[in-house]
Amino acid sequence: MTAVLILFGVLGGVGVLMTVTLMRRGSSRTETAEGMLAEQEALRQAQHDRASFGSSAVHNSVPTASDTYSRRGRP
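Just so we're clear, the structure is a prediction, and the values are computed from it rather than from any experiment. (Residues numbered from 1 in each chain as written. Predicted model: local features only at pLDDT ≥ 70, side-chain atom pairs only at ≥ 80, totals over all residues. Heavy atoms only, no water.)

Draft legend 1. Representation of the overall build of the chain within the structure. Helix and strand content of the chain: three helices and zero strands. Across the 75 residues of the chain, 3% fall into the buried class. For the chain, the exposed surface amounts to about 7100 Å²; the carbon and sulfur share of it is 64%. (Helix = DSSP H or I, 4+ residues; strand = E, 2+ residues; numbered from the N terminus. Buried < 20%, exposed > 50% of the residue type's maximum accessible area, 1.4 Å probe, protein only. Areas by Shrake-Rupley, 256 points an atom, 1.4 Å probe, with all protein chains shown as cover.)

Dropping the structure here:
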């Protein structure tokens, strides 16, 4: 019984520690110019990927010669 209480105490302590750590970090954005440029580029790439690989783009388009799946069978 003591071992179970110690286990729950340790797990609770770890949970509290993780919560405090995450609350202290906050959600501050990048402040340097390089970080902002990298963040903007990642956002642009994510938007492009969402448009390119979305369900409507993938399932409602005509296959072309440049599509990856058309070359799978060839070495």
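Draft legend 2. Up close: the pattern of salt bridges. The final tally for this structure, using the stated rule, is one salt bridge. Taking the shortest distance from any N to any O, the salt bridge between R44 and E41 comes out at 3.2 Å. A residue pair is termed a helical-turn pair when its members lie 3 or 4 positions apart in one helix, as R44 and E41 do in helix α2 (residues 33-52) at three residues. Residue R44 is classed as partly exposed on the basis of its relative accessible area of 47%. With relative accessibility at 41%, the residue E41 sits in the partly exposed group. (Salt bridge = Lys/Arg side-chain N within 4 Å of Asp/Glu carboxyl O.)

Draft legend 3. Broad picture of a nonpolar patch on the surface. Together, V4, L7, F8 and L11 make up a nonpolar patch on the protein surface, roughly 390 Å² of accessible area in all. Tracing the chain through its elements places L7 in helix α1 (residues 2-25). (Patch = residues over 30% accessible without salt bridge, like charges linked within 9 Å, V, L, I, M, F, W, Y side chains within 5 Å.)

Draft legend 4. Region of interest: the confidence of the model for the chain. On average, residues of the chain carry a pLDDT of 78, and 65% of them reach 70 or more. Here helix α3 (residues 55-59) stands out as the element of the chain with the lowest mean pLDDT, 67, in contrast to α1, whose mean of 92 is the highest. (pLDDT = per-residue confidence, 0-100.)

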